[in-house]
Amino acid sequence: LNKRILSGIAPSGIIHLGNYLGALRNWVALQDRPQTDCLYCVVDLHAITVAQKPENLRKSILNTAAICLAVGIDPAKSPLFLQSEVPEHSELGWILNCHVYFGELSRMTQFKDKSQKQEAATTAGLFTYPALMAADILLYGTHLVPVGEDQQQHLELTRDLARRINNLYGETFQVPDALIPEHGARIMGLDDPKQKMSKSAPSELNYIALDDSPEKIRKKFKVAVTDSGREVVFDEEKKPAVSNLLTIYSVAAGVSMGEAQRRFEGKGYGDFKKELAEAVVAYLAPIQERLRGWQSRPDDVRDVLRDGAKRARELAKPKLDEVKAKLGLGLWPAPVGGRK
Ligand code: AMP
Ligand code: TRP
């Protein structure tokens, strides 16, 4: 039996290097692992947990899907779909909302962060966001969820929910594992190595967007924060900024951390940052070229999403029906299984 892989990304005008190194890169790699079936989802329903302008959301959806295709998601292998086009996600999300505890959701650090940072009032949707994410995952019998480190806690909650439902109603959900990369799972901000790289950072000097021009990339690395001292060495405690830049370099240049450090022995931060910028420019060039292609064909992107949703729904519907029957929802003559 093949392993099911599923992951999601929120639609945004900016998809950054952290998203790519922490998540998208693995999405692409997993497509070619034998005996895996991948499904990837642009999670627009998660996006509206904070205020969105409708025209911007529309653009971000298309932009994010185009980026997924440009980094190498192959829709022939892996359906790529829009979450709101598969209503089963919302339905199972509600059901899981009725099984997750207020206390569990209150402990989610992403909720605490996001609700504090926001000026606008916090919606209930932002609070119950992890239940919808659990629905995305559990609907498809997912085994592995490739994500960055910041999603670990949400995955733990998803596992708890799967086990809870299985205990209450009989074996229903596969208990999924997070797949978090060894390198790049937590890329930090270029302007502040204590905060993770984030599209909602106040300054655009925080991140490298996947579609930043070479000039912009060079400029952002040039002004990136470094640490005291002058040696280019990996030491997350003493040199958090340089360690973050070295992580980016080693992935972009395709070399080990040891080799990356060796290359900059006896060189200063200035030289290092210049070579780093060139490595990232070259690393992103083919992605950017494919992105321009997809951006010039928005109807093709829509077709990919439409076809993806059709395929996803075929998988989601029977699982949702099973869950509803087990809970005693609907008009079945008798609940299948039944709450113990
Ligand atoms: P989001 O943009 O929040 O939907 O995140 C999409 C994916 O990117 C998730 O798997 C995140 O864990 C991952 N991600 C987001 N920010 C970072 C970061 N700074 N470093 C590594 N991975 C990240
Ligand atoms: N919450 C994830 C994030 O912020 C996005 C997401 C939604 C997701 N549903 C998912 C990730 C399902 C993996 C699987 O990055």
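Structural data are supplied above this passage.
These numbers were taken from a predicted model, which means no experiment stands behind them.

Moving on: the site of ligand 2. Near ligand 2 you find 13 residues, and of these G8, Y129, M133, D136 and Q151 are the closest. At 2.9 Å from an oxygen atom of ligand 2 is found a side-chain nitrogen or oxygen belonging to Y129. At 3.1 Å, a side-chain N or O of Q151 approaches a nitrogen atom of ligand 2. Surface burial for ligand 2 is 89%, taken as the share of its 370 Å² of free accessible area covered by protein chains. With four residues, helix α7 (residues 124–138) is the largest single contributor of residues to the shell around ligand 2. Residues that form the shell around ligand 2 fall into these classes: seven nonpolar, five polar and one charged.

As a volume, the second largest pocket reaches approximately 370 Å³. Lining the second largest pocket are 15 residues, and of these R58, I61, L82, E85 and L305 lie nearest its centre. Elements that contribute at least two residues to the lining of the second largest pocket include exactly α2 (44–47), α3 (54–71) and α13 (298–327). Here the lining of the second largest pocket takes six residues from α3, the largest share from any one element. Taken together, the residues that form the lining of the second largest pocket break down as seven nonpolar, one polar and seven charged.

This part covers empty space enclosed by the protein. Using the criterion set out here, one finds one cavity of 30 Å³ or more in the structure. Every residue along the wall of the largest cavity is listed here: M108, Q110, F111, K114, L126, Y129, P130 and H154. Listing elements by their share of the lining of the largest cavity, those giving two or more residues are α6 (109–117) and α7. Its residues assigned to classes, the lining of the largest cavity shows five nonpolar, two polar and one charged.

Conventions adopted
Residues numbered from 1 in each chain as written. Chains lettered and ligands numbered in written order. Predicted model: local features only at pLDDT ≥ 70, side-chain atom pairs only at ≥ 80, totals over all residues. Heavy atoms only, no water. Near = heavy atom within 4 Å. Polar contact = N/O pair within 3.5 Å; in protein donor to acceptor, adjacent residues only side chain to side chain. Areas by Shrake-Rupley, 256 points an atom, 1.4 Å probe, with all protein chains shown as cover. Helix = DSSP H or I, 4+ residues; strand = E, 2+ residues; numbered from the N terminus. Nonpolar A, V, L, I, M, F, W, Y, C, P; charged D, E, K, R; others polar. 1 Å grid on protein atoms, 1.4 Å probe; cavity = no way out; pocket = protein on both sides within 12 Å on 5 of 7 lines; lining within 4 Å. Points joined across faces, edges and corners; volume = space filled by probe spheres on them.

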